[in-house]
Amino acid sequence: MEKLQKMSEAEKQIMDIIWSCARPVTTAEILTRLPEDKAWKQNTVITFLARLMEKGMVKATRAGRANHYEACLTEQEYLNLETKRFIRDVHRGSVFGLINTLCDSGDLTKEDIEALMKRLQEQRGRHE
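Computed from a predicted model, the values in this text were never measured in an experiment.

Digging into the layout of surface pockets
Right, on to step 1. For the largest pocket, the calculated volume is near 160 Å³.
Right, on to step 2. Lining the largest pocket are Thr83, Ile87, Val95, Leu98, Ile99, Leu102, Leu108, Leu116 and Leu120.
Right, on to step 3. Of all elements in the fold, only α4 (75–90), α5 (95–105) and α6 (110–127) reach the threshold of two or more residues within the lining of the largest pocket.
Right, on to step 4. With four residues, α5 is the largest single contributor of residues to the lining of the largest pocket.
Right, on to step 5. Split into classes, the residues belonging to the lining of the largest pocket amount to eight nonpolar, one polar and no charged.

Below you can see the structure in the form of structure tokens.
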């Protein structure tokens, strides 16, 4: 799955709709679920879907006169992939580098730190 290409912001909006439906959807359904500030025409959505198919993110099945589009990976799989890319590309593959940056930025709340420490303890228990 590492070979998947990065999605554009517009492609991600289409994928968010597909993921939220959790079943194959048609272009018409996607158009009705677009946010009001997106006045994309049907051909625009079809173009984004074609790009997503080329990238291996979506597959289409013909049913009657319409294509039904479904995700080839879950949203969580995509988030994992993008996080790994980010760590590799921005932090030279160092998870510690990412966490260090978060600590230095001051963006971590007390709750974030407590949840992170709890999660790290759980991971530590699995590796012992």
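Re the pairing of strand β1 (residues 58–63)
For a regular strand, side-chain orientation follows a simple rule: the groups alternate between the two sheet faces.
Right, on to step 1. In the sheet, β1 pairs with strand β2 (residues 66–71) via six bridges, with the strands oriented antiparallel. Each residue of the ladder has a partner; that of Arg62, found in β2, is Asn67.

Here we look at the packing of aromatic side chains
Right, on to step 1. Counted under the stated rule, the structure contains two aromatic pairs.
Right, on to step 2. Judged by centre distance (5.0 Å) and plane angle (55°), the rings of Trp40 and Phe48 are tilted. Each of the two residues, Trp40 as well as Phe48, counts as buried.

Here's the deal with the packing of helix α1 (residues 9–21) against helix α3 (residues 42–54)
Helix-helix packing is described using two parameters, namely the angle between the two axes and the distance between the axes.
Right, on to step 1. Close contact between α1 and α3 brings their axes to 10 Å; oriented N to C, the two are set at 85°. With respect to their mutual orientation, α1 and α3 come out roughly perpendicular. In this structure, α1 uses Ala10, Glu11, Ile14, Met15 and Ile18 to contact α3, whose residues at the interface are Val45, Phe48, Leu49, Arg51 and Leu52.
Right, on to step 2. Tallied by class, the residues present in the contact of α1 with α3 amount to eight nonpolar, no polar and two charged.

Details of the nonpolar core
Right, on to step 1. Counting residues in hydrophobic clusters, the biggest one holds 23 residues, and the most contacted among them are Ile14, Met15, Ile18, Ile30 and Met57.
Right, on to step 2. For this core, the elements supplying multiple residues, two or more each, are α1, α3 and α4.
Right, on to step 3. The greatest single-element share of this core, amounting to seven residues, is contributed by α1.
Right, on to step 4. Contact partners of Met57, with chain neighbours within four places excluded, come to Leu4, Gln5, Met7, Met15, Leu52, Glu70, Ala71, Cys72, Leu73 and Tyr78.

Observations concerning the environment of Leu102
Right, on to step 1. You can see Leu102 is positioned in helix α5.
Right, on to step 2. Those residues in contact with Leu102, other than ones at most four positions away along the chain, are Asp107 and Leu108.

A short note on the environment of Arg65
Right, on to step 1. Its location among the elements puts Arg65 in the loop between β1 and β2.
Right, on to step 2. Here the alpha-carbon distance between Arg65 and Glu36, two residues 29 residues apart in the chain, equals 27 Å.

About the criteria used
- Residues numbered from 1 in each chain as written.
- Predicted model: local features only at pLDDT ≥ 70, side-chain atom pairs only at ≥ 80, totals over all residues.
- Heavy atoms only, no water.
- 1 Å grid on protein atoms, 1.4 Å probe; cavity = no way out; pocket = protein on both sides within 12 Å on 5 of 7 lines; lining within 4 Å.
- Points joined across faces, edges and corners; volume = space filled by probe spheres on them.
- Helix = DSSP H or I, 4+ residues; strand = E, 2+ residues; numbered from the N terminus.
- Nonpolar A, V, L, I, M, F, W, Y, C, P; charged D, E, K, R; others polar.
- Pairing = 2+ DSSP bridges.
- Phe/Tyr/Trp six-rings, centres within 6.5 Å; stacked < 30°, edge-to-face > 60°.
- Buried < 20%, exposed > 50% of the residue type's maximum accessible area, 1.4 Å probe, protein only.
- Axes fitted to C-alpha atoms, helices over the stretch in contact; angles between N-to-C directions.
- Parallel < 35°, antiparallel > 145°, perpendicular 65-115°, else oblique.
- Contact = heavy atoms within 4.5 Å.
- Core = buried A, V, L, I, M, F, W, Y, C linked by side-chain atoms within 4.5 Å.

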